[in-house]
Amino acid sequence: MRFPRLLFAAALALCAFDAQAETVAQATSPDGVIKVELDVNGEGRVAYRVFDHGKPLIGDSRLGFIFRNGREFLRNLKLDAQATSAFDETWEQPWGERHYVRNHYNELRASFVETDHDHRRFDVVFRVFDDGVGFRYEIPEQPALQEAQIMEELTEFAIARPATAWWIPALEWNREEYLYHKTPLQEVGVAQTPLTLRTDDGTHVSIHEAALVDYAGMNLMHGENGVLRALLTPGSPAKVVRQTPFDTPWRTIEITDSAAQLAESNLILNLNAPNQLGEVSWFKPSKFVGVWWSMHLGQQTWATGPQHAATTANTRRYIDFAAKNGFRGVLVEGWNPGWDGDWFANGWGFDYTRATKDFDIDGLSKYAASRNVHLVGHHETGCAVSHYESQLGKALDLDARLGIDVVKTGYVCDAGQVERQDEADGPVVREWHEGQWMSNHYLHVVQEAAQRHIAIDSHEPIKDTGLRRTYPNWVAREGARGMEYNAWGNPPNPPEHEINLVFARMLGGPMDYTPGIVSLTGRNGQEIQSTLARQLALYVCIYSPVQMVADLPEHYAQHQDAFQFIKDVAVDWDESHVLAGEVGEYVATARKARDSGEWFLGAMNAYDPRTLSLPLSFLAQGKHYRAEIYRDGAGADWHGAARFRFVREAKTVTRDDALSLWLAAGGGAAVRFVPLD
Ligand code: NOJ
Ligand code: CA
């Protein structure tokens, strides 16, 4: 049911009216548009609220904790001290959507102390940027709170305007692999973050978190009247157990005037700590091919036997294909013992330290090296995570010895079914992918890998909260409904899905979506709901520094025109701009290749055919470019043979031109701009 507009406003007015509440602190963004106020009411409860353009956006929203090992921590608080500061710095990304990132905010630190009992205390630190707000709790060391066993974090986000929400359910069996719901804010259930909102007056908001370390992932539960409440992922004996002092992850509210600006925000990265790994030029952003799609199609198997994909001969074929076409990586899944039988149910059978008999891993690594190609490693755990940890060091040593410097990991099991065994022969207990224990596991793998100069691409990951800034070898994650659903999913990914990803999931960080299925066909002839040109656009619109060229070599042979773009497209960028877009409808993104004068543009469309007229003012002054255009042909759409209607053409353009692109239903376009002068 839609909450009647008038009632909604009346309820908000009531919440906002608290005679005894007193505003105790405030901070504004550098441009003055966003303002945060903190108040303490008559019960000593602390609340924050957020205004943009002088209007309430987040109404009074409570802060606090419920502990398992102590009284609740939310009443009888008073402001003890406050401090403000300003920060403005530009930092360099070793790889990414842009080379330089400006981190510009005003900070407010407010210290609260209980007026009775044990005089426990916490600080809340707000950072107010031009495009949003981040805040976190910092709990100091104190006699009355040495260990915090957190049952719930009472953080609220009381959205003060009617809004439409795009969200996926949380704590459901299929983890993060859901299609987006588009509903009025009032109809959000229990949602994961990033959650995207568009208020009825056109403000775009994304609620998420940054720097999720040693803590449970935050979900959001809609209470009433637009109030979203934090709901931490379960754990035992409490959702989070920490010794003081500690900081929570940042709770983030990105606030922009347009969808495009939302997708360009650096707020999440800025709230993460700087690079702790130092020099990381050993990680090379790159494209990779692999035996992956044939198994998802059911043509080959992970298991050994007559259809085994990871054989020496088949892998040599892929190495040759990669070498011939300039791709750096070859992903081989099913290379190790453990896949035979029901691997889903038997993660404890995986061996990560040796290959199956029909896979000559040493010989193949040497052969790959001789052709300037690297094998991409694969560690599917089937969620037997303690078992994986027991082999992790040796497994990564093997990879390092063989020149495998990117490893894709996997955690396939239903949500809440991760298997943890603290001691050999001890009990096996269950954990959630997004719980505190797993947040530590994923990071442990990344740190172990970093020591060996190996990058990690986690599938079935914990959500991305920007930790690539601190650990630049955590290069990508899946963490959404990816291309694999176009092989066997029911339904396959509909045309709006990838556009929703751009404006929701992608705000967290890079995604290994595995694009480029030019055959546009899944298992048993299932049609992929995309045109051919759209598959190319994915390489630009859905960012990852490791991009799979996911289809079979024989399919690329049938689509040489389209394949040319996949060979040419860059994977590492100096600049990125979202030129146009609306959540769930369309998006157009332009990126400048790192250390080259070339630009690439991708555009994707949902259901209504449309023509975009895109000013090319991002191109360099005074230069002419050859625009190599790959677009939907006349009559294209996402059904049947029309999916393959496709045009490749070239013309000369300058930054004074606008490019007119017609996008079919389910269609797209991809353009490479090559400087001519
Ligand atoms: C799920 C991953 O997302 C997919 O890419 C992989 O092929 C399978 N697990 C097997 O590990
Ligand atoms: Ca998956």
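1. Re helix H8 (residues 436-451)
In this model H8 runs 23 Å from its N-terminal to its C-terminal C-alpha over 16 residues, within 8% of the 22 Å that 1.5 Å per residue would give. On the buried face of H8, the contacting elements are strand E19 (240-243), helix H7 (385-401), strand E26 (418-420), strand E27 (429-431), strand E28 (455-458) and strand E29 (474-477). Positive backbone phi, at 60°, marks histidine 453, one or two positions downstream of H8.

2. A short note on the coordination of the calcium ion (ligand 2)
Metal coordination angles in their ideal form are 109.5 degrees for the four-donor tetrahedron and 90 or 180 degrees for the six-donor octahedron. Taken together, Glu177 (OE), Glu460 (OE), Glu478 (OE), Glu478 (OE) and Glu484 (OE) make up the protein donors of the calcium ion (ligand 2), found 2.3 to 2.6 Å from the metal. Geometry at the calcium ion (ligand 2) is irregular, judged from its six donor atoms and the angles of 51 to 162° they form at the metal. Along the chain, the residues donating to the calcium ion (ligand 2) fall in the pattern E-x282-E-x17-E-x5-E. One end of the pair, glutamate 460, is in the loop between E28 and E29; the other, glutamate 484, is in helix H9 (residues 484-488), and 24 residues separate them in sequence. For glutamate 484, a relative accessible area of 9% corresponds to the buried category.

3. Examining the nonpolar core
When a protein is soluble and globular, its nonpolar side chains tend to lie buried together. Ranked by size, the top nonpolar core spans 176 residues in total, and within it Leu38, Tyr48, Phe157 and Ile542 carry the most contacts. By residue number, the principal contributor to this core is helix H11 (residues 532-541), which donates eight residues. Aside from chain neighbours lying at most four places away, what touches leucine 38 is Glu22, Thr23, Val24, Ala25, Val46, Ala47, Tyr48, Leu63, Leu108, Ala110, Phe112 and Phe126.

4. Some words on the site of ligand 1
Ligand 1 sits among 13 residues. The nearest are Trp292, Glu333, Glu380, Lys408 and His459. Here an oxygen atom of ligand 1 and a side-chain polar atom of glutamate 333 are 2.6 Å apart. Here histidine 459 contributes a side-chain N or O atom positioned 2.8 Å from an oxygen atom of ligand 1. Taken by itself ligand 1 offers 300 Å² of open surface, and the protein chains cover 96% of this. Every element with two or more residues in the shell around ligand 1 is listed here: helix H4 (292-296) and strand E24 (374-380). In terms of residue class, the shell around ligand 1 is made up of four nonpolar, three polar and six charged.

About the criteria used
Residues numbered from 1 in each chain as written. Chains lettered and ligands numbered in written order. Predicted model: local features only at pLDDT ≥ 70, side-chain atom pairs only at ≥ 80, totals over all residues. Heavy atoms only, no water. Helix = DSSP H or I, 4+ residues; strand = E, 2+ residues; numbered from the N terminus. Expected span 1.5 Å × (residues − 1). Contact = heavy atoms within 4.5 Å. Donors = N, O, S within 2.8 Å, 3.2 Å for Na, K, Ca; no water. Tetrahedral: all angles 85-135°; square planar, octahedral: opposite > 155°, others 65-115°. Buried < 20%, exposed > 50% of the residue type's maximum accessible area, 1.4 Å probe, protein only. Core = buried A, V, L, I, M, F, W, Y, C linked by side-chain atoms within 4.5 Å. Near = heavy atom within 4 Å. Polar contact = N/O pair within 3.5 Å; in protein donor to acceptor, adjacent residues only side chain to side chain. Areas by Shrake-Rupley, 256 points an atom, 1.4 Å probe, with all protein chains shown as cover. Nonpolar A, V, L, I, M, F, W, Y, C, P; charged D, E, K, R; others polar.

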